[in-house]
Amino acid sequence: MDADVAVLSPAPTRHPDPGPGWQRRFWSIFVGQALSLTGSALTQFVLLWWITDTTGSAGALATAGMAALLPQALLGPLGGTFADRYSRRLLMIGADTVSALCMLVLIFLFATGRVELWHVYTMMFIRSSMQAFQAPAAAGSTAMLVPADFLPRAAGLNQSLQGIMTVAAAPLGALALGVMPLGAALSIDVVTALLGILPLLLFRIPQVRVPREQQAGVWAEFREGALLVWNHPGLRHLYTVLAVVVLTILPTFSLTPLLVKTHFGGGPGQVALMEGLSGAGMIAGGLAVTVFAPRRRVMTVLVAFALSCFAVALTALAPGKAFWLAVVWWVVSGVTFSFGNAPMTAVLQTVIPNQLQGRALSLLSTVMGLAGPVGLALAGPLGELIGVRGLFMVAGVLSALASLAGFLSPALLRLDEAPGVTRGGARVSSEA
């Protein structure tokens, strides 16, 4: 096991050195978490297919979606506060362990024939709740595992991982269901969770800590993270832009099957083709960021997101007999989104002090997580008025304009130049 890494600083203003051997630590933990996330995505597909095959109900699938997403939005601030207050390594170990135990319960219920729909909903809800604690802990840890000049590349690797999961989850889940019983398919998640835990047991993760005597209560610490964002004009404007973009563009992702069916006359195979190639585009965009590591990151974020959203509008503009053109624009949207999302993560990890990153990043997840359902609620009536194709066009154009509106904020554009928000009395240590 690596020795503890400790760097003391009364007021850290720059990214700390991760110390010798950071490459081995980073890659071991990254690969372990990648396997764990892939196993979870595969299992999610298996469970959703079981719900579809068992009930044939859109309402049941919608309930499953809420169980899988809503806890992350609601518990995100608490998870972020815990990630800054307690050991991030132990939080990740605990979250993976609880998720694996949930899957073991489901495997037992399926094996004994006692499983009911509410059992699956409950376990999905618990697993999503664990993700609310694991995600900010993992995001804050990544920044401490690599040197400052590798942050954009690390963000690009994480973005590529999201694309890989998008591409691989459905076919791997379908393959698992085709060659093994459902319980055995679910056991894959248990194995990958253990593979994710193993590197965390072998390596320690440096972590910025506020001295215990200066720690406030959990609610006070959450407010501190929220006030950091609110009182920093650049961060406040960035969060606002992202919330508006998510509110306007997210409904198109849920309504893609309807667009394919009504406008292009396609079926599930065409939807799978669009989503799979879009995931491949996300991988390409993430790898491009890893290779080129753009220096003007804020400008890259705004331009790339605007292009991604505008490509969504162009997808719906494709003629009904030119489905191939729609696929091209959908892939362009995936590439440009990934190329913008990775630098955005690097900007946040650079500007926000590491001891506040869990709270600030989870606040962003909550803002976007709550903006999504609002957008879906507004999209329903609007889609009835102008049709799904018109909704795609309006959403794509409005979200692109929202991204470009970021250029009107000098404070947002100056985030690239910011050395980081400081806070006195902090220190960088391994784990308490």
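Residues numbered from 1 in each chain as written. Predicted model: local features only at pLDDT ≥ 70, side-chain atom pairs only at ≥ 80, totals over all residues. Heavy atoms only, no water.

Q: Describe the overall build of the protein chain, and please don't skip the residues or the numbers.
A: Within the protein chain, the secondary structure is distributed over 14 helices and 2 strands. A burial count over the protein chain gives 52% of its 432 residues as buried. Surface summary for the protein chain: the accessible area is close to 18,700 Å², and the carbon and sulfur share equals 71%. (Helix = DSSP H or I, 4+ residues; strand = E, 2+ residues; numbered from the N terminus. Buried < 20%, exposed > 50% of the residue type's maximum accessible area, 1.4 Å probe, protein only. Areas by Shrake-Rupley, 256 points an atom, 1.4 Å probe, with all protein chains shown as cover.)

Q: Describe the side chain of Thr 43, listing the residues and the values that go with them.
A: With respect to the secondary-structure elements, Thr 43 resides in helix α1 (residues 22–55). Overall, the relative accessible area of 0% leaves Thr 43 in the buried class. Filtering out sequence-adjacent residues up to four positions away, Thr 43 remains in contact with Met 103, Arg 127, Leu 186 and Asp 189. (Contact = heavy atoms within 4.5 Å.)

Q: Give a detailed account of the packing of aromatic side chains, specifying residues and quantitative values.
A: Scanning the model with the defined rule gives 11 aromatic pairs in all. Residues Trp 330 and Phe 392 carry aromatic rings whose centres are separated by 6.3 Å and whose planes lie at 40° to one another, so their mutual orientation is tilted. One end of the pair, Trp 330, is in helix α12 (residues 323–351); the other, Phe 392, is in helix α13 (residues 354–404), with 62 residues separating them in the sequence. Through a chain of ring-to-ring contacts, the aromatic side chains of Trp 22, Phe 26, Trp 27, Phe 30 and Phe 150 assemble into a single cluster. Residue placement shows Arg 236 over the ring face of Trp 230; its charged tip is 5.1 Å from the ring centre. (Phe/Tyr/Trp six-rings, centres within 6.5 Å; stacked < 30°, edge-to-face > 60°. Lys NZ or Arg CZ within 6 Å of the ring centre and 35° of its normal.)

Q: Outline helix α11 (residues 297–317), listing residues and values.
A: Between the first and last C-alpha of α11 there are 30 Å, a value that for 21 residues agrees with the 30 Å anticipated at 1.5 Å per step. Among the 21 residues of α11, 16 are classified as buried, and the element is accordingly described as predominantly covered. (Expected span 1.5 Å × (residues − 1).)

Q: Tell me about the nonpolar core, and name the residues and values.
A: Grouped burial of nonpolar side chains is what soluble globular proteins tend to show. In terms of nonpolar packing, the biggest core is built from 42 residues, with Tyr 239, Met 344, Leu 348, Ile 352 and Leu 415 touching the most fellow members. Put simply, the parts of the chain that give this core at least two residues each are α7 (218–231), α8 (233–254), α9 (256–262), α11, α12 and α13. Ile 352 has contacts with Leu 228, Leu 235, Tyr 239, Gln 357 and Ala 360, leaving out every residue within four places of it along the chain. In terms of nonpolar packing, the next biggest core, distinct from the first, is built from 25 residues, Ile 107, Phe 110, Leu 186 and Val 190 among them. (Core = buried A, V, L, I, M, F, W, Y, C linked by side-chain atoms within 4.5 Å.)

Q: A description of the environment of Ala 411 should follow, citing residues and the corresponding values.
A: With respect to the element layout, Ala 411 can be found in helix α14 (residues 410–413). Taking relative accessible area as the criterion, Ala 411 reaches 14% and is therefore assigned buried. Sequence spacing of Ala 411 and Pro 233 is 178 residues, and the spatial spacing of their C-alpha atoms is 5.8 Å. Contacts of Ala 411, omitting those with residues within four sequence positions, involve Pro 233, Gly 234 and His 237.

Q: Explain the side chain of Ser 308 to me, and be specific about the residues and the numbers.
A: Inspection of the secondary structure assignment puts Ser 308 in helix α11. Residue Ser 308 is classed as buried on the basis of its relative accessible area of 6%. Once residues lying within four places of it in the same chain are set aside, the contact partners of Ser 308 are Ser 333, Thr 336 and Phe 337.

Q: Requested: an account of the pattern of salt bridges, with residues and values cited.
A: Applying the stated criterion to the full structure yields 1 salt bridge. Residue Asp 189 pairs with Arg 127 through a salt bridge whose shortest N-O separation is 2.5 Å. Taken together, the residues Asp 189 in helix α6 (residues 182–202) and Arg 127 in helix α4 (residues 117–145) connect sequence positions 62 residues apart. Assigned by exposure class, Asp 189 and Arg 127 land together as buried. (Salt bridge = Lys/Arg side-chain N within 4 Å of Asp/Glu carboxyl O.)

Q: Tell me about the packing of helix α3 (residues 88–112) against α6, and name the residues and values.
A: Packing of α3 against α6 leaves a shortest axis separation of 9 Å and a crossing angle of 165°. Between α3 and α6, the angle is such that the two are roughly antiparallel. The two elements α3 and α6 meet at a crossing, and its hand is left-handed. Residues Arg 89, Met 92, Ile 93, Asp 96, Thr 97, Ala 100, Met 103, Leu 104, Leu 106, Ile 107 and Phe 110 of α3 form the contact with α6, whose own contacting residues are Leu 182, Gly 183, Leu 186, Ser 187, Asp 189, Val 190, Ala 193, Gly 196, Ile 197, Leu 200 and Leu 201. The residue makeup of the contact of α3 with α6, split by class, is 15 nonpolar, 4 polar and 3 charged. (Axes fitted to C-alpha atoms, helices over the stretch in contact; angles between N-to-C directions. Parallel < 35°, antiparallel > 145°, perpendicular 65-115°, else oblique. Left-handed = near helix turned anticlockwise from the far one by under 90°. Nonpolar A, V, L, I, M, F, W, Y, C, P; charged D, E, K, R; others polar.)

Q: Describe the environment of Ser 333, with residues and values.
A: With respect to the helices and strands, the residue Ser 333 is situated in helix α12. Considered as a pair, Ser 333 and Leu 314 are 19 residues apart in the sequence and their alpha carbons are 9.6 Å apart. When residues no more than four places from it in sequence are discounted, the contact partners of Ser 333 are Ser 308, Ala 311 and Val 312.

Q: Outline the confidence of the model for the protein chain, listing residues and values.
A: It should be kept in mind that the predicted coordinates are not to be read in detail where pLDDT is low. Per-residue confidence for the protein chain gives a mean pLDDT of 79, with 80% of residues at or over 70. Taking the mean pLDDT of every element in the protein chain, the minimum, 39, falls on strand β2 (residues 427–429) and the maximum, 93, on α11. For the stretch residues 1–13, pLDDT sits under 50, and the model shows 35 contacts to residues farther than four places along the chain or on other chains. Predicted confidence for residues 420–432 stays below pLDDT 50, and this span has 68 contacts to residues more than four positions away or in other chains. (pLDDT = per-residue confidence, 0-100.)

Q: Go over the packing of α3 against α4, please, and point to the residues and values.
A: Between α3 and α4, the least distance of the axes is 8 Å, while the angle of their chain directions is 160°. Between α3 and α4, the angle falls in the class roughly antiparallel. Classified by chirality, the crossing of α4 by α3 is left-handed. Judged by residue contacts, Arg 88, Leu 91, Met 92, Ala 95, Asp 96, Val 98, Ser 99, Cys 102, Met 103, Val 105, Leu 106 and Leu 109 of α3 engage His 119, Val 120, Met 123, Ile 126, Arg 127, Met 130, Gln 134, Ala 137, Ala 138, Gly 140, Ser 141 and Met 144 from α4.

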